[in-house]
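Working through the structure, step by step
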Amino acid sequence: MDIILFGPPGAGKGTQGTLLAERFRLPRLSTGDLLREAVRQGTSLGLEARRYMDAGELVPDEVILGLVREYLQTEGDEGVIFDGFPRTQAQARALDQLLEELGRRIGAVLVLEVPDENLVRRIAGRRSCPGCGAVFNVHFDPPTVQGKCDRCGAALVGRADDDEATVRRRLAVYRAQTAPLIEYYERAGTRLERVAGERPVDQVQHSLVELLSAPAAGAQ
Ligand code: AP5
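The text that follows walks through the structure, step by step, so that each part is easy to find. (Residues numbered from 1 in each chain as written. Predicted model: local features only at pLDDT ≥ 70, side-chain atom pairs only at ≥ 80, totals over all residues. Heavy atoms only, no water.)

Focus: helix α9 (residues 201-213)
For α9, spanning 13 residues, the distance from its first C-alpha to its last is 18 Å, which sits close to the expected 18 Å at 1.5 Å a residue. Close packing links the buried residues of α9 with β1 (2-6), α1 (13-24), β4 (106-113) and β7 (192-196). (Helix = DSSP H or I, 4+ residues; strand = E, 2+ residues; numbered from the N terminus. Expected span 1.5 Å × (residues − 1). Contact = heavy atoms within 4.5 Å.)

What follows is the structure, encoded as structure tokens:
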């Protein structure tokens, strides 16, 4: 089962992808997480990627495709939940090709739809744990102790690209370069489901699980 979780910054791809990965026992491939790890480790790839990420721009396709190719060589034999990938037509075509070489194809593209004002509020409230990767939200899902991770107690931090100006740029880049992939998949006849993502996390998850468990059902 190869699934693409699709949607603008802050739509909940990471949140829902983590839950789906547990539920269906599949690995989640977040290109954003891979890039942030490379930045944290200070690798040359990380140093190159950081310039784009801090500006709210997309990292070049060849860098991303190198990461995804490497990942698929060792992980995800049973399928992958792709989070934040693909983001351009070149990436989408390359993923089709890579999966075809493995005798697989995209099972579904799940599009999380959330109004812009809600996205900006979510992103402004996001706090991540540098220790274990847990994600909280000061508005919607605050940690029990302010500023501390519930799981490992580390001090929570904001993401470098979550300031308002960069978020607005990320939203614009999503609309210009990534949203057109919806048409790409519709034209290709790939199953594409739109899900109302502004609801509470458990309700969104319920809809996604229902869709993936009953392929014929089209309800949200
Ligand atoms: P990436 O890390 O992929 O960021 P993004 O797509 O901008 O998405 P976010 O991580 O901001 O949001 P999300 O949809 O995962 O939401 P989340 O679940 O965290 O990419 C970062 C950068 O890396 C890009 O800008 C680009 O530079 C580069 N990059 C990555 N992939 C690339 C690619 N393929 N090609 C080129 N460049 C690439 O939720 C957000 C917040 O809301 C959290 O606090 C969460 O707790 C909260 N929340 C989630 N769901 C709900 C809900 N239902 N109700 C209330 N709050 C909620």
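So much for the structure itself; the text now carries on.
What to know about the pairing of β4
Extensive coverage of β4 is indicated by the burial of six of its eight residues. When β4 meets β7, the two strands line up parallel, connected through five bridges. When the sheet's bridge partners are listed, Leu112 is paired in β7 with Val195. (Buried < 20%, exposed > 50% of the residue type's maximum accessible area, 1.4 Å probe, protein only. Pairing = 2+ DSSP bridges.)

Thoughts on the site of the ligand
Surveying the vicinity of the ligand reveals 34 residues, the closest of which are Thr15, Glu57, Arg87, Arg126 and Arg170. In this structure, Lys13 approaches the ligand through a main-chain N or O atom, which is 2.9 Å from an oxygen atom. One of the backbone nitrogen or oxygen atoms of Phe136 is found 2.9 Å away from an oxygen atom of the ligand. Against a free-state accessible area of 1,000 Å², the protein chains account for coverage of 96% of the ligand. Counting residues per element, the ones that place at least two in the shell around the ligand are α1, α2 (31-41) and β6 (135-137). (Near = heavy atom within 4 Å. Polar contact = N/O pair within 3.5 Å; in protein donor to acceptor, adjacent residues only side chain to side chain. Areas by Shrake-Rupley, 256 points an atom, 1.4 Å probe, with all protein chains shown as cover.)

Quick notes on unusual backbone geometry
For residues besides glycine, phi is generally negative; the peptide bonds are generally trans as well. In this structure, the amide linkage connecting Phe85 to the following residue, Pro86, adopts the cis form with an omega of 0 degrees. Relative to the elements of secondary structure, Pro86 occurs in the loop between β3 (81-83) and α5 (89-101). With a phi close to 50 degrees, Arg25 is a non-glycine residue in the positive phi region. Here Arg25 is to be found in the loop between α1 and β2 (28-30). Classification of Arg25 as exposed rests on a relative accessible area of 75%.

What about the pattern of salt bridges?
Counting across every chain of the model gives 17 salt bridges. Among the ionic pairs, Arg194 bridges to Glu113, the shortest N-O distance being 3.4 Å. Highlighted residues: Arg194 in strand β7 and Glu113 in strand β4, separated in sequence by 81 residues. Given the relative accessible area of 35%, Arg194 is considered partly exposed. In this structure, the salt-bridge partner of Arg170 is Asp162, at a minimum N-O distance of 2.8 Å. The exposure class of Arg170 is buried, given its relative accessible area of 11%. On the accessibility criterion, Asp162 (11% relative accessible area) is buried. (Salt bridge = Lys/Arg side-chain N within 4 Å of Asp/Glu carboxyl O.)

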